[in-house]
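# A closer look at the structure
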Amino acid sequence: MFEKLKSEIEKCDYCKEKFGFEPHPIFWGRQNSKIVQISQAPSNNVHKSMKPFTDMSGKTLKYEWYQVTDEQFYNTDNFFIGALAHCYPGKDKNGNDKQPPKCCFDKWVEKELKVLDNEIYVIIGAKAAKRFFPNDNFEDLVFKNNYWNNKLAIVLPHPSPLNKKWIKDHPQFLEKRIYEIRELIKKYGFPSLPLFIIISESFNWLSSTNFLASIIFFTPNPKCLLPMVFKSTPKFFECSGN
């Protein structure tokens, strides 16, 4: 059922005449991806790359808010990356992105949501939140844990550069709420895995200026063991999972 639905979506050109160009349906995920993320619609950059969140919004979402790598974000075991519409809808006469066509949600997305077997939902942006929680205030949704389809549903403001005013007007989002959301993403989306760094015995920590290690360790447990291996003798250091 899932694979058949995916194939049909990827071939869809229902809005070709409406758009005035060839639609590029974006589909990214598996039936049992742990995190189902739903935003508004693909951007023009995504339309060209055929890969979701390969734009400025994606940089903020992945690297600043979630603090995940591309490998983690685009791993379909972790994320099903969807939207209210599968295709970039084009620009209006003022040069702004058009609203996602409602027919896509009715025709495809509702069917997808029925067959997905996920752990948690992440709803991005006021328009997507309105679709899932039509009677709730958007600000209230962002700052609390919600439930949809009997599963935890986190609501985020849109990470677009055009949404900077909302972020500025709600400083508590970056000061507190995003840390809570990040921990929920870790807890539900990423298993606790051992981490090993193998370093040459002759590595000179003091003289090396080119060595840069940036490690994001996803574990529900805020403490972990980080084995540093020098040849055959392991040296263990306690590290924080935060």
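Going by the structure above, here's the rest.
## As for the overall build of the protein chain
A tally of regular secondary structure across the protein chain gives ten helices and eight strands. Long-range pairs, those at least 24 residues apart, make up 66% of the contacts in the protein chain with a sequence separation of at least 6. Of the accessible surface of the protein chain, which amounts to about 14000 Å², a share of 52% is contributed by carbon and sulfur atoms.

## Here we look at the layout of surface pockets
Unoccupied space between atoms shows up once a probe the size of one water molecule is rolled over them. In this structure, the largest pocket encloses a volume near 980 Å³. In terms of lining, the largest pocket is formed by 37 residues, of which the most central are A41, S57, D97, H158 and S160. If you list the elements that add at least two residues to the lining of the largest pocket, you get α3 (44–49), α4 (56–66), β2 (79–83) and α7 (126–132). Residue composition of the lining of the largest pocket, by class: 17 nonpolar, 15 polar and five charged.

## What about the packing of α4 against helix α10 (residues 172–189)?
Orientation of α4 relative to α10, taken along the N-to-C sense of each, is 90 degrees, at an axis distance of 10 Å. By the angle between their axes, α4 is roughly perpendicular relative to α10. Residue-level inspection shows E64, W65 and Y66 of α4 in contact with α10, the latter providing F173, L174, I178, R182 and I185. Looking at the contact of α4 with α10, its residues break down into six nonpolar, no polar and two charged.

## Quick word on the side chain of S57
Looking at the element boundaries, S57 is found in helix α4. By relative accessible area, which is 9% here, S57 ends up buried. Every residue in contact with S57, bar those within four places of it in the chain, is listed here: H158, P159, S160 and P161.

## Digging into the side chain of K62
Along the polypeptide, K62 turns up in helix α4. We classify K62 as buried; its relative accessible area is 4%. Only 3.4 Å separates the side chain of K62 from the backbone oxygen of F53, close enough to count as a polar contact.

## A closer look at the nonpolar core
Ranked by internal contacts, the top residues of the largest apolar core, which has 52 residues, are Y66, F73, L113, L156 and F173. When residues no more than four places from it in sequence are discounted, the contact partners of L156 are L61, W65, Y66, V122, I123, I124, G125, F138, V142, F173, I178 and I181.

## Remarks on empty space enclosed by the protein
This structure, assessed with the given rule, holds one cavity of 30 Å³ or more. Each pocket or cavity is described by its volume, and for the largest cavity that value is around 110 Å³. Around the largest cavity, the lining is made up of 16 residues, and of these C12, C15, C87, C104 and W108 lie nearest the centre. Of the residues forming the lining of the largest cavity, the biggest block, four residues, is contributed by helix α6 (residues 102–115). In the lining of the largest cavity, the residues fall into 13 nonpolar, one polar and two charged.

## Quick look at the pattern of salt bridges
For the coordinates displayed, the defined rule picks out ten salt bridges. The shortest N-O distance in the salt bridge between D169 and K165 comes to 2.6 Å. Within this pair, D169 and its partner K165 are both found in helix α9 (residues 164–169), separated by four residues, close to a single helical turn. With relative accessibility at 43%, the residue D169 sits in the partly exposed group. A relative accessible area of 60% means that K165 is categorised as exposed. Salt bridges sharing common partners tie together K102, D106 and R131.

## Some points on α6
Given a rise of 1.5 Å per residue, 14 residues ought to cover 20 Å, and the 20 Å separating the end C-alpha atoms of α6 matches this to within 8%. A maximum bend of about 40 degrees is found in α6 at V109. Buried residues of α6: C104, F105, W108, V109, E112, L113 and V115, and no others. In the core, the buried residues of α6 are packed alongside α1 (2–11), β1 (35–39), β2, β3 (120–124), α7 and β4 (146–148).

## Remarks on the environment of K16
Summarising the element assignment, K16 is placed in helix α2 (residues 16–19). With 73 residues separating them in the primary sequence, K16 and P89 have C-alpha atoms 9.6 Å apart. Setting aside residues up to four positions removed in sequence, K16 forms contacts with F21, E22 and P23.

How each quantity is defined
Each chain carries its own residue numbering, running from 1 in the direction its sequence is written. Per-residue local features are limited, in this predicted model, to residues with pLDDT of at least 70; the limit for side-chain atom pairs, both in listing and counting, is 80 or more; totals at the level of whole chains, interfaces and linings are taken over all residues. Side-chain measures were taken over the full set of non-hydrogen atoms in the model, leaving aside hydrogen atoms and water. Only DSSP runs of H or I with at least four residues qualify as helices, and only runs of E with at least two residues qualify as strands; both kinds are numbered from the N terminus onward. Working rule for contacts: check all heavy atoms of both residues, and any pair within 4.5 Å makes them a contact. Per-residue accessibility takes into account occlusion by the displayed protein chains alone, with areas from the Shrake-Rupley method and a 1.4 Å probe. Grid points spaced at 1 Å and placed over the protein atoms alone form the basis of the search, with a cavity being a set where a 1.4 Å probe fits but cannot get out and a pocket an open set showing protein on both sides within 12 Å along at least five of seven lines. Lining residues have an atom within 4 Å of a point. Grid points are joined across faces, edges and corners, and a volume is the space filled by probe spheres set on the points. Following the grouping adopted for this structure description, the nonpolar residues are Ala, Val, Leu, Ile, Met, Phe, Trp, Tyr, Cys and Pro, the charged ones are Asp, Glu, Lys and Arg, and the polar ones are all others, Gly among them. Axes here refer to lines fitted to C-alpha atoms; in helices the fit is confined to the stretch in contact. Angles between the N-to-C directions go from 0 to 180 degrees. Oblique is the label for every angle not falling under 35 degrees (roughly parallel), over 145 degrees (roughly antiparallel), or within 65 to 115 degrees (roughly perpendicular). Only protein chains enter the accessibility calculation, which uses a 1.4 Å probe; a residue whose area is less than 20% of its type maximum is buried, one above 50% is exposed, and one in between is partly exposed. Two N or O atoms count as a polar contact when they lie within 3.5 Å, although within protein this holds only if one can serve as hydrogen donor and the other as acceptor, and sequence-adjacent residues are included solely when both atoms are side-chain atoms. By nonpolar core is meant a set of buried Ala, Val, Leu, Ile, Met, Phe, Trp, Tyr and Cys residues that side-chain atoms within 4.5 Å join together. Put simply, a salt bridge is a Lys or Arg side-chain nitrogen that is within 4 Å of an Asp or Glu carboxyl oxygen. Expected span of a helix: the number of residues minus one, times 1.5 Å. A residue's bend is simply the angle between two axes: one fitted to the seven residues ending at it, one to the seven starting at it.

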